[in-house]
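Chain and residue survey
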Amino acid sequence: MASNVTPVLEFKDVTVAFDANTAVDHISLTVRQGQSAVILGAAGSGKTTLLKSAIGLVRCDSGHIDLFGQDITVLDEHALYPLRAQVGILFQEGGVFDSLNIEDNVAYPLRNTIHLPEGEVPGRVLETLRFVELEHTLEKYPSELSGGMRRRVGIARAVVTEPRLCLYDSPTAGLDPITANTIMALLVKERDLKKTTTVMVTHRIQDGQILANFRYNPETGQLEPAAGSQKADLHTVFVVLRDGRLVFEGSEEELQSSSDPYISKFARR
Amino acid sequence: MLDFLKPPIQTFQDFFFLGGRTVANLPRRPHYGDDIAMQMDIIGVGSLPIVLLTGFFSGAVMALQMSRALAQYGASGQVGSIVAITLVRELGPVLTALLVAGRNGSGIASELGSMKVTEQIDAMRALGTDPLQKLVKPRLIATAVMLPLLTIIADFVGLIGGYLVAVPLLSLTTSSQYWNNAYRLLEYNDITQGLLKPFLFAIIIALVGCYYGLRTTGGTQGVGRATTQAVVVASIWIFVTTVLITRIFVNL
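Okay, so let's go over this structure. (Residues numbered from 1 in each chain as written. Chains lettered and ligands numbered in written order. Predicted model: local features only at pLDDT ≥ 70, side-chain atom pairs only at ≥ 80, totals over all residues.)

Looking at the overall build of chain B
Along the backbone of chain B there are eight helices and zero strands. Its helices and strands in sequence order give chain B the pattern α-α-α-α-α-α-α-α, from N to C terminus. Each of the three principal axes of chain B carries a C-alpha extent, and together these read 65 × 50 × 35 Å. In chain B, which comprises 252 residues, the share counted as buried stands at 46%. For chain B, contacts bridging at least 24 residues in sequence account for 88% of all contacts bridging at least 6. (Helix = DSSP H or I, 4+ residues; strand = E, 2+ residues; numbered from the N terminus. Buried ≥ 20, exposed ≤ 12 C-beta atoms within 10 Å, placed from the backbone. Contact = placed C-beta atoms within 7 Å.)

Quick look at the structure:
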């Protein structure tokens, strides 16, 4: 991808440590407008910490993080809110509020983050829930839904404000293959319809491959394999973390041709 | 060498940091009135039955215990004043606070702890809501308002419990003498410490519950641990605080 495209998110030599454990160790990474980044790594390799540090949920001990061109490491919590309002995030555990029904969960960022006029909220919520095919669950509470459905509510809440950048933390973890594919199809649909810059953390190469090789066809409403220039347009970069360190950054082909035993574990299905 | 001191000092510092930020947030908008009202209902109305029962029986048992001791000195008529002073100064505030710590302090810690381990707190921050403002402030305000009120109710039903034992049951004194003694012996000093204590206990219960809830790690096991710690630590601080406050008021 052309290096003159504006970086949306830039990690500059970032280190995050919890007591004696270094979770993220001197990582530098740039995600540009329209790009998809797939961050792979074993459990405990620092993927989630890196993702959370991107919007200041976890503070870094050294280095700098630029979000939309602004250094967030010097901003306090309240100053971060306007920047976070332009980012949608799906948490690994869902992060859906137990005490609110699905409608209020999805409406939460509209009311509290972008302060949409109350009259426009129900329409926007319904439209987004239709996007994740959960429009029949408005009145239900998260505890009444299955794991996959809760994940879809999480996606709806992440994308309802039409953010410029979407961060997904292990969107398919703990789901059966069919539900996992449905979730990945939603992420591709969101990326292709809204042209959202996407950062996805996962330990499954299959998820990355869907993001790198498929595009959403609005006419058929289905995912279809991207070929030739279409594939190049998807601008997917793969990153592999090991014990908090970035050990690989490159294209899917480069990932698959790597001879490093740790990296090649992720490259093969 | 003094490394073993680091964790408790760190905990103490973090706790006061949380308390300081919450107090600084008090005048700041948004105020989340609905959350405050809901917490008042949970903490105040929800605790009422158990506070009524405990208050009543502590007054009754106090009158029973005192009946023998006072009879030895021929002072059975003073049972009203003994029950009133003991309840208003000490038993009412401390017993009510311990009940609320067990019932609501644990509830606060487990609710916030569950939210923490399921990333709901992170989600809240990501969606532009300050958890201190949305979760801690309403719980602090609700507890600080409701605990003194619950204590007043506990004191009153305790006096009724004492009355039922002293007058109809044991005939230690007359009805008018019981209430007269109870009323006459209470000074402003007693009322002040009887209301100041629950107010301070409320701050301890709410902040300790929130603190242990918000620092929960380690999944559901961590939630259990946080809940236990919140109740134990709040109970200890209630006892320490009551000694300190009583020491100050005794000298006044």
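Following the structure, the description resumes.
Digging into the packing of helix α2 (residues 33-72) of chain B against helix α3 (residues 79-117) of chain B
All names here are of chain B. Contact pair α2 / α3: the axes reach a minimum separation of 8 Å and the direction vectors enclose 145 degrees. Between α2 and α3 lies a crossing whose hand is right-handed. Residue classes in the contact of α2 with α3 are distributed as 16 nonpolar, ten polar and one charged. (Axes fitted to C-alpha atoms, helices over the stretch in contact; angles between N-to-C directions. Left-handed = near helix turned anticlockwise from the far one by under 90°. Nonpolar A, V, L, I, M, F, W, Y, C, P; charged D, E, K, R; others polar.)

Considerations on helix α5 (residues 147-159) of chain A
All names here are of chain A. Its 13 residues give α5 an end-to-end C-alpha distance of 19 Å, which sits within 8% of 18 Å, the value for a rise of 1.5 Å per residue. Of the residues making up α5, those classed as buried are Arg-150, Arg-151, Arg-152, Val-153, Gly-154, Ile-155, Ala-156, Arg-157, Ala-158 and Val-159. Structurally, α5 contributes buried residues whose contacts are with β6 (87-90), α3 (102-112), α4 (121-131), β7 (165-169) and α6 (177-194). (Expected span 1.5 Å × (residues − 1).)

Comments concerning the nonpolar core
Of all hydrophobic cores here, the largest spans 138 residues; its most connected members are A:Ile39, A:Val239 and B:Ile205. Among the elements that make up this core, the one with the highest residue count is α3(B) (16 residues). When sequence neighbours within four positions are dropped, the list of residues in contact with A:Val239 reads A:Leu29, A:Ala37, A:Val38, A:Ile39, A:Leu40, A:Leu246, A:Phe248 and A:Glu249. (Core = buried A, V, L, I, M, F, W, Y, C linked by C-beta atoms within 7 Å.)

Quick notes on the interface of chain A and chain B
Contact with chain A, which involves 18 residues of that partner, is made by eleven residues of chain B. Looking at the side of chain A that touches chain B, the elements that each hand over two or more residues are α2 (77-84) and α3 of chain A.

Notes on the sheet that holds strand β2 (residues 21-32) of chain A
All names here are of chain A. Strand order across the open sheet formed by four strands is β2-β1-β4-β5, with antiparallel pairing between neighbours. For this open sheet the edge positions go to β2 and β5 (70-71), each flanked by a neighbour on one side alone. Both strand β4 (residues 62-67) and β5 contribute to a ladder of two bridges, which runs antiparallel. Counted as the bridge partner of Asp-66 is Asp-71 from β5. (Pairing = 2+ DSSP bridges.)

Description of the pairing of β7(A)
Residues and elements named next belong to chain A. Burial of β7 is extensive: five of the five residues sit out of reach of the surface. Residues Leu-165, Leu-167 and Asp-169 point to one face of β7 and Cys-166 and Tyr-168 to the other, with burial holding for every one of them. Bridge count between β6 and β7: four bridges; the pairing is parallel. In the sheet register, Gly-88 faces β7, and the bridge partner there is Cys-166.

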